[in-house]
Amino acid sequence: MSEIFELISRNGKARYGILKTPHGNVETPVFMPVATKGTIKTVPKRDFDDLGIKMIISNSLHLFLRPGLEIIKKHGDIHGFIGFNGPIFTDSGGFQVTNEDFLHSIKEDGIVFKAPNDGKKILLTPKMSAQIQNSLGTDIAMALDYCIPYGRSKRKVEKAVDLTFKWSKEFFSERNGIGFGIVQGGVFKDLREKSASQITSLDFPGFAVGGLSIGEPKETMFDVLDFTLDLLPDNKPRYFMGLGSPLDVLKGVMMGIDIFDSVFPTRNARHGLAFTSEGPLDLRKSAFSDDLKPIDKKCDCYTCKNYSRSYVHHLLREKEILGLYLLSIHNIRFMIKFMEDIRSAIKNNNIENFYHDVEEKYGKGNS
Ligand SMILES: [Zn+2]
C-alpha cells in the first residue's frame, strides 16, 4: 500500500481502491469532471453533491494566465477561489500548449508558448509548473511532460521520452505535495518500456499514462495502454488522461486504470447527445419533439426527475442555455453513477457480465 492509495479488491485487472488526498478520500475507479478554467461548464458547485462529484481537475496554466496566482491567493488557494473544498487535480497545461494554437517551440528547459491573451512569449519550465501548482494548493499535481503529437518518427518520440524524464526529475524535486509522473512513448512499446522505467524510478505517489488518445487508431491505443499499465507499480494509483465514453472508460478500468477525466459528458451535452442506461440518444432529433419520457427513467438527476425529452429537445433547438445545463448535469450524473456501478461490479466479481451488458448498449460504433 502506498501512502495515498489503498487497493482493496480486484476483479481481473480491474481494481477497487481508495485514493487519499489532503481534501478527502475518494473511491476508485473514479471519473473526474473537467473544470479547465475553474468551472465545470454550466455546472455550479451546489449541484456537486446531488451529482456525486467528489473530485475535479482544473488546468494550472490557464489559471496562472488568467486570473493569475495573485487573485487566486487572495481567496486562500484554488479551493477558496472556486468554492470547492474537495480534492482537486491540476494539469500542468503542457498538453494543451503543445496541442493548441499557442505553441512556439520546445526547448531543453521547457515549452515556449505565446500567451493567448497578450501574445507574450512565456517559457514554461518543469520547476515553474511545480511552483504554480504548489501556489494553487492543488491536491494532486501533474508533472510537466512533453506529449509529442501522434505520427512523429520514432527518433522524435524517443527525444520526447528523454525530455519528459529530464523535466519529471526537475518537477519532482520542486513539487511539495502529491505529484503524478507521466509515462510517454507514443505507440512504440520499447519506448513505453523505457519511459515507464525512467518515470517510475522517481518516487512519485502515482502515475499517469500520457501520449495516447491523441489521434492513433483506437485498437492501437488500447493495445499500448494495456501494455503500459502492466509496467506501472501495482500499489500506486494510475490515471489515464482523456478517455470519456462509457465503454472506453470501462475498458480502461478492466486494464487497471483507477482515475479518469474527460470533457466528454459536457462536450457531448453541448452537441445534444445524452448518455442513458439504454445507450446514447441524440436529443436534437425530431423524434424527441413529442417524447414525454425523461431522458433516462433510471436516472435520479434533477433533469430526469423534472423534465421530458421533448422539453430538453425544445431547449436545445432554441439554443437556450438551460438546455445545456440540464443535459450537462444529466451526462455528468450518468458517468458518476456509471462509476458507482463499475465499483460495485468489481466488488462483486461481476465486471465481465457488466462489460457485456454495456457493450451491447454502447458498442458497435455506438459509443
Ligand atoms: Zn438524468
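Residues numbered from 1 in each chain as written. Predicted model: local features only at pLDDT ≥ 70, side-chain atom pairs only at ≥ 80, totals over all residues. Heavy atoms only, no water.

Enumeration according to the criterion identifies 22 salt bridges in this entry. Between Lys189 and Asp223 there is a salt bridge, with its nearest N and O atoms 3.0 Å apart. Here Asp223 lies in helix α9 (residues 218-229) and Lys189 lies in helix α8 (residues 189-200), a separation of 34 residues in the sequence. For Lys189, a relative accessible area of 32% corresponds to the partly exposed category. Here Lys361 and Asp357 are joined by a salt bridge, their closest N and O atoms 3.5 Å apart. Here Lys361 and its partner Asp357 are both found in helix α15 (residues 351-362), four residues apart, which amounts to about one turn of the helix. Each of Arg10, Arg15, Asp234 and Asp258 takes part in salt bridges that share partners, so that together they form one network. (Salt bridge = Lys/Arg side-chain N within 4 Å of Asp/Glu carboxyl O. Helix = DSSP H or I, 4+ residues; strand = E, 2+ residues; numbered from the N terminus. Buried < 20%, exposed > 50% of the residue type's maximum accessible area, 1.4 Å probe, protein only.)

This part takes up α15. For α15, spanning 12 residues, the distance from its first C-alpha to its last is 16 Å, which sits close to the expected 16 Å at 1.5 Å a residue. Those residues of α15 that fall on the buried side of the exposure criterion are Ile351, Phe354, Tyr355, Val358 and Tyr362. One side of α15 holds all its buried residues, which, seen down the axis, span an arc of 100°. In this structure, α15 carries Asn353 and Glu360 as exposed residues pointing more than 90 degrees from its buried face. Elements that come into contact with the buried residues of α15 comprise β1 (5-11), α10 (246-255) and α14 (321-347). (Expected span 1.5 Å × (residues − 1). Arc of directions from axis to C-beta. Contact = heavy atoms within 4.5 Å.)

In terms of nonpolar packing, the biggest core is built from 46 residues, with Leu225, Leu250, Phe338 and Ile342 touching the most fellow members. Elements with a minimum of two residues in this core: β2 (14-21), α7 (154-174), α8, β12 (206-209), α9, α10, α14 and α15. The dominant element in this core, judged by the number of residues it contributes, is α14, at seven residues. With near-sequence residues (within four places) excluded, Ile342 lies in contact with Pro29, Leu250, Val253, Ile351 and Phe354. Residues Ile56, Phe102, Val161 and Leu326 belong to the second largest nonpolar core, which totals 41 residues. (Core = buried A, V, L, I, M, F, W, Y, C linked by side-chain atoms within 4.5 Å.)

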